[in-house]
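Below, each chain spelled out in residue letters.
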Amino acid sequence: MHLRGVVLPDGEPRDLWVVNGRVRTRPVPGAQTVVDGGFLVPGLVDAHCHVGLGSHGGVELSEAVEQALTDRAAGTLLIRDCGSPIDTTPLQERLDLPRIIRAGRHIARPKRYLPHIGVEVESDLATAVAEQAAYGDGWVKLVGDWIDRGVGDLAPLWTDDELAQAIKVAHDAGAKVTAHVFGEDALPGLINAGIDCIEHGTGLTDDTISLMASRGTVLVPTLINIETFPGIADRAGKYPTYANHMRDLHARMSTTVASAIEAGVPVYAGTDAGGGIQHGRIVDEIIALHRVGMSAVDAIGAASWNARSWLGFPSLTEGAAADVVVYDEDPRENLEVLRSPRMIMLRGRIH
Ligand SMILES: [Zn+2]
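Keep in mind it's a predicted model, so treat the numbers as computed, not measured.

Caption draft 1: Main features of the sheet that holds strand S5 (residues 44-49). Pairing in this open sheet of three strands is parallel, and the strands run S5-S8-S9 from one edge to the other. Edge positions in the sheet fall to S5 and strand S9 (99-102), since each of these pairs with one other strand and no more. Each adjacent strand pair in this sheet contributes to an overall mean axis angle of 15°, direction not counted. Sheet topology note: the strand S8 (residues 76-81)/S9 ladder contains four bridges and is parallel. Bridge assignment links Arg-80 to a residue of S9, and that residue is Ile-101. Relative to S8, helix H1 (residues 61-73) is tilted by about 130°, and along the sheet it contacts S5 and S8.

Caption draft 2: How the structure looks around the environment of Glu-122. Considering the arrangement of structural elements, one finds Glu-122 in the loop between strand S11 (119-120) and helix H2 (125-135). As for Glu-122 and Pro-110, which are separated by twelve residues in sequence, their C-alpha atoms are 6.8 Å apart.

Caption draft 3: Fine view of the environment of Trp-158. Its place among the elements puts Trp-158 in the loop between strand S14 (153-156) and helix H3 (160-172). Since 25 C-beta atoms lie within 10 Å of it, Trp-158 is described here as buried. Note: C-alpha distance between Trp-158 and Ser-123 (35 residues apart in sequence) is 9.2 Å. With residues near it in sequence (within four places) discarded, Trp-158 still touches Leu-125 and Leu-163.

Caption draft 4: H2, seen in detail. The complete set of buried residues in H2 reads Leu-125, Ala-128, Val-129, Gln-132 and Ala-133. An end-on view of H2 places all buried positions within 135° of arc, on one side of the element. Away from its buried face by more than 90 degrees, H2 exposes Thr-127 and Ala-134. The elements touched by buried residues of H2 are strand S10 (107-108), S11, strand S12 (139-143) and H3.

Caption draft 5: Geometry of the environment of Ala-74. Here Ala-74 shows up in the loop between H1 and S8. The exposure class assigned to Ala-74 is buried, which follows from the 23 C-beta atoms found within 10 Å. The spacing of Ala-74 and Leu-44 is 30 residues in sequence and 8.4 Å in space, taken between C-alpha atoms. Sequence-distant contacts of Ala-74, that is, excluding residues within four places in its chain, are made with Gly-280, Ile-282 and Val-283.

Caption draft 6: Here's a closer look at the sheet that holds strand S1 (residues 2-7). Ordered in space as S3-S2-S1-S4-S18-S19-S20, the seven strands form an open sheet in which the pairing is mixed. At either end of the open sheet lies a strand with only one pairing partner, and these are strand S3 (22-24) and strand S20 (349-350).

Caption draft 7: Just helix H5 (residues 206-215), in detail. Considered for burial, the residues of H5 that qualify are Thr-208, Ile-209 and Met-212. Projected onto a plane normal to the axis of H5, the buried residues spread over an arc of 105° and lie on a single side. Opposite the buried face of H5, by more than 90 degrees, sit the exposed residues Asp-206, Asp-207 and Ser-214. At its buried positions, H5 is contacted by helix H4 (187-192), strand S16 (197-200), strand S17 (218-220) and helix H9 (253-262). Trailing H5 by a residue or two, Gly-216 shows a phi angle of about 75°, which is positive.

Caption draft 8: Representation of the packing of H2 against H3 within the structure. The interhelical angle for the contact between H2 and H3, taken along N-to-C directions, is 25°, at an axis separation of 8 Å. Compared by their axis directions, H2 and H3 come out roughly parallel. Read as a crossing pair, H2 and H3 show a hand that is right-handed. Within the contact between the two elements, H2 uses Leu-125, Ala-126, Val-129, Ala-130 and Ala-133 and H3 uses Glu-162, Gln-165, Ala-166, Val-169 and Ala-170. Here the residues of the contact of H2 with H3 are counted per class, giving eight nonpolar, one polar and one charged.

Parameters and conventions
- Residues numbered from 1 in each chain as written.
- Predicted model: local features only at pLDDT ≥ 70, side-chain atom pairs only at ≥ 80, totals over all residues.
- Pairing = 2+ DSSP bridges.
- Helix = DSSP H or I, 4+ residues; strand = E, 2+ residues; numbered from the N terminus.
- Axes fitted to C-alpha atoms, helices over the stretch in contact; angles between N-to-C directions.
- Contact = placed C-beta atoms within 7 Å.
- Buried ≥ 20, exposed ≤ 12 C-beta atoms within 10 Å, placed from the backbone.
- Arc of directions from axis to C-beta.
- Parallel < 35°, antiparallel > 145°, perpendicular 65-115°, else oblique.
- Left-handed = near helix turned anticlockwise from the far one by under 90°.
- Nonpolar A, V, L, I, M, F, W, Y, C, P; charged D, E, K, R; others polar.

In structure tokens:
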């Protein structure tokens, strides 16, 4: 197949060919032209997604397939799955489904996360991390903080020593570690222990932002999920301190993420689809990142070429996987264009 159009991120009009699911940059005799004009964007990335998770916990594999297809229809062709209660490895064998990088199961303490989702650890975090590192695809997901009902507020789950030891175990096994964090207090311990990424990060302060920037720690803010904080606060009845904390974190979300971007923290787009958030909403997250101050081109990059590069997937270069989304108009000029892909090609197959 032959595609001709303006290729992002460089924005140059180019010709690409596709052979056996791979991009070729030199002419292929007899290739059929399937795209002539428009804008070619490297397959979108949802850097925080839960395939296999529904509003009531784990779902059947068939529903997980539907979730992945919903993401694909939005242009998401690469998913960093941030923890799933079911084994989604069978989905990785299907050529029609987005690529999934699994983080195994969430690791939490008993009663310190949503029930029936993660593995629960009383004391030996390092062993649990080693098990999930072996089970996942190079990422381990910790719950970094959660409401402590004894305290009535968000509180860290792990001590600094537990984190330092566990993150070293993951790194020695070749896996990266990320953590769910809403509040302020869990962040210094996680970042100083060498964690690779922070999810949500609503409790970031100037100090922890500069710590992340200096260590190169990534942030995936999941802005469209943070929009649910006021609702969480409204349902927090017996825990007014926690409710107020959640409202405060929500109120300063835009400033917090803008400061992180400004400080040079790498920020990528993740929807947190799977629990309270529907699948297929990557464009909403791109637009939300733009709204808090990321340029339009960087917001697309945060869900495409920059996120791909971070996760080890090249964009539309010689030999790269032919994962491309084609748009009629320039999405850099108007992000709403991203809602209407003309063509979605995954592994060189047109959907
Ligand atoms: Zn999540």
